[in-house]
2 protein chains.
Amino acid sequence: MILTATDFNDFAALAPLALVKEIEEALTRMPLPIKDSDQAGKQGQLIFDPKGANEAIKVALKKCGWQSPIPLPVGWQTLGLAVDFGKEGVLVEAQFSNYPFLLNNVMRANVLFNETIPLPPMGPAKTLIVISKAKLFPSANSTLYYEQALEHLKFLDKGKSLQLPTRLIGLTAKRGQVIPAIYTHYHTPRYSRRVVTQEVVKVLVGNHNRVREREPIILV
Amino acid sequence: MILTATDFNDFAALAPLALVKEIEEALTRMPLPIKDSDQAGKQGQLIFDPKGANEAIKVALKKCGWQSPIPLPVGWQTLGLAVDFGKEGVLVEAQFSNYPFLLNNVMRANVLFNETIPLPPMGPAKTLIVISKAKLFPSANSTLYYEQALEHLKFLDKGKSLQLPTRLIGLTAKRGQVIPAIYTHYHTPRYSRRVVTQEVVKVLVGNHNRVREREPIILV
């Protein structure tokens, strides 16, 4: 997929370049994860597949030695038990779920950073990467998208409420370009994690002639 | 109702005592708001009524000259369009909804405070009061309760992520004591705001003999 990114608190200068490259190469190589929607008014549409994305990111990062999950120590589990991924002080959260989870993930990491809490085996968090999807992909209602996450992080940062060096990455695509996708068919489309079949397909995300805020994903 | 409270960042020294008293007197005079549950496994039970609570607080505070809502200026609406109540620099959020809204409300107010954003007509936020309900009341699933809110605020504060002087208030009750309640019957129990009837009743919240984490609300 194509990546877009915005940095906060001097992330580029503070995060080890080799580790950032591992993440960005894994995401660039990832085909667009898609599934059928079952939400009212979206039946029959292809949408971004959060479970497929999480799984693909997990497989790719574990191959490069990223730990997943990073369990949080007792006394620091108030906003959740674990962070998605970590390696040598770099935390990674893949966040394709409902938008309030962004604040939860980011404030949790900010607290761990400010207090330099050791996170065995990798040590304290020094930087955070948040992976999100762009708004142009059709998606389940109320799920976080890059442009929204960007506004939330800018708001926190502007109001001196984010000290952690953070890179927000958005997974996106060029309109009208044929790209590879992984089309997963689940046992029940909305809630099941049970994969029935998975196909490698080619899709178009919108086209050049008519630019919409959200583009349909079209099998080609 | 009976109040419990915890302060952060020197709230008691910084908030005007007369305004805090207005809030606390209004909450103390408020009968316990209750309604029928319709959630699976909770049918037939009386639960805390968030809509009833919000409405009762609104009526009481408007009488003392609190503005509601406090609209946020353009450019500061990223985490929502308005704060519930405000007067002379004191913001108030009544939060009985799903727990992630606490972080949203508190971080939003923290940003407004750190940036001293003018909030007409009352001026910049100087302190925040968050009103929540205690865990002992039966409630809709995943709704915020005082003990949980307290852990979240302590976590943020410990991690230098909350600068705003804040008082967290919990609405609670004494076990086994008969108290007044407002029992509201809605058009459909879960989603409707349309009130069908409202009764003043007396209830017991649990009893002295057996102390449980959550106590049933019993009509007497």
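Residues numbered from 1 in each chain as written. Chains lettered and ligands numbered in written order. Predicted model: local features only at pLDDT ≥ 70, side-chain atom pairs only at ≥ 80, totals over all residues. Heavy atoms only, no water.

Here's the deal with the confidence of the model for chain A
- Mean pLDDT over chain A stands at 94; residues scoring 70 or higher make up 97%.
- The ipTM for the predicted assembly is 0.90, set against a pTM of 0.93. (pLDDT = per-residue confidence, 0-100.)

Regarding helix α3 (residues 50–63) of chain A
All names here are of chain A.
- Taking 1.5 Å of rise per residue, the 14 residues of α3 would be expected to cover 20 Å, and the 20 Å separating its terminal C-alpha atoms lies within 8% of that figure.
- For α3, the full list of buried residues reads Lys51, Gly52, Ala53, Ile57 and Leu61.
- Two residues or fewer after α3 comes Gly65, characterised by a positive phi angle close to 85 degrees. (Helix = DSSP H or I, 4+ residues; strand = E, 2+ residues; numbered from the N terminus. Expected span 1.5 Å × (residues − 1). Buried < 20%, exposed > 50% of the residue type's maximum accessible area, 1.4 Å probe, protein only.)

Some words on the interface of chain B and chain A
- Taken together, the contact between chain B and chain A spans 22 residues of the former and 22 residues of the latter.
- In this assembly, chain B and chain A are joined by 2 salt bridges.
- In this structure, Lys160 of chain A and Glu115 of chain B form a salt bridge, with 2.3 Å as the shortest nitrogen-oxygen distance.
- Our count for the chain B to chain A interface comes out at 8 residue pairs in polar contact (both at pLDDT 80 or more).
- Within the residue set of the side of chain B that touches chain A, elements represented by two or more residues are α4 (100–114) and α5 (146–158) of chain B.
- A per-element tally of the side of chain B that touches chain A places α4 of chain B first, with 8 residues.
- Residues belonging to the side of chain B that touches chain A are distributed by class as follows: 8 nonpolar, 9 polar and 5 charged. (Contact = heavy atoms within 4.5 Å. Salt bridge = Lys/Arg side-chain N within 4 Å of Asp/Glu carboxyl O. Polar contact = N/O pair within 3.5 Å; in protein donor to acceptor, adjacent residues only side chain to side chain. Nonpolar A, V, L, I, M, F, W, Y, C, P; charged D, E, K, R; others polar.)

Points about the sheet that holds strand β6 (residues 85–87) of chain B
Residues and elements named next belong to chain B.
- Here 5 strands make up an open sheet; going across it, the order is β1-β9-β8-β7-β6 and the pairing mixed. With one partner strand each, in any of the chains shown, β1 (2–8) and β6 form the two edges of the open sheet. Neighbour to neighbour, the strand axes of the sheet diverge by 20 degrees on average, direction disregarded.
- One ladder, built from 7 bridges, connects β1 with strand β9 (residues 166–172); its direction is antiparallel. Its bridge partner being in β9, Thr6 is matched across the sheet by Leu168.
- Contacting β1, β6, β7 (90–94), β8 (127–133) and β9, helix α2 (residues 17–29) runs over the sheet at an angle of about 15 degrees to β9. (Pairing = 2+ DSSP bridges. Axes fitted to C-alpha atoms, helices over the stretch in contact; angles between N-to-C directions.)

Examining the packing of aromatic side chains
- Counted according to the given criterion, the structure contains 6 aromatic pairs over all chains.
- Centre to centre, the rings of Trp76 of chain A and Phe155 of chain B are 6.1 Å apart; their planes meet at 65 degrees, and the pair counts as edge-to-face. Taken together, the residues Trp76 of chain A in the loop between β4 (70–71) and β5 (82–83) and Phe155 of chain B in helix α5 connect one chain to another.
- What makes Phe155 of chain B buried here is its relative accessible area of 1%.
- An aromatic cluster of three or more residues is present, and its members are Phe48, Phe96 and Phe137 of chain A.
- If you follow Lys158 of chain A out to its NZ or CZ, it ends over the ring of Trp76 of chain B, 4.0 Å from the centre.
- Above the face of the Tyr145 of chain B ring, Arg214 of chain B is positioned so that its terminal group lies 5.3 Å from the ring centre. (Phe/Tyr/Trp six-rings, centres within 6.5 Å; stacked < 30°, edge-to-face > 60°. Lys NZ or Arg CZ within 6 Å of the ring centre and 35° of its normal.)

Remarks on the sheet that holds strand β6 (residues 85–87) of chain A
Residue and element names in this part refer to chain A.
- If you trace the 5 strands from one edge of the open sheet to the other, you get β1-β9-β8-β7-β6, paired in mixed fashion. At either end of the open sheet lies a strand with only one pairing partner, and these are β1 (2–8) and β6. The average angle at which neighbouring strand axes cross in this sheet is 20 degrees, direction not considered.
- Along the sheet face, helix α4 (residues 100–114) touches β7 (90–94) and β8 (127–133) and points at about 170 degrees away from the line of β8.
- Strands in contact with helix α5 (residues 146–158) are β1, β8 and β9 (166–172); relative to β1, the strand with the most contacts, it is inclined by about 10 degrees.

So, the environment of Val196 of chain A
Residues and elements named next belong to chain A.
- Looking at the element boundaries, Val196 is found in strand β11 (residues 195–205).
- In sequence terms Val196 and Thr184 are 12 residues apart; their C-alpha atoms lie 7.6 Å from each other.
- Discounting chain neighbours no more than four positions away, the residues touching Val196 are His185, Tyr186 and His187.

Remarks on α2 of chain B
All names here are of chain B.
- Between its terminal C-alpha atoms α2 stretches 18 Å, which fits the 18 Å expected from 13 residues at 1.5 Å a residue.
- Among all positions in α2, only Leu19, Val20, Ile23, Ala26 and Leu27 are buried. Buried residues along α2 cover an arc of 130 degrees about the axis, so they all sit on one side. Of the residues in α2, the exposed ones pointing more than 90 degrees away from the buried face are Leu17, Ala18 and Arg29. (Arc of directions from axis to C-beta.)

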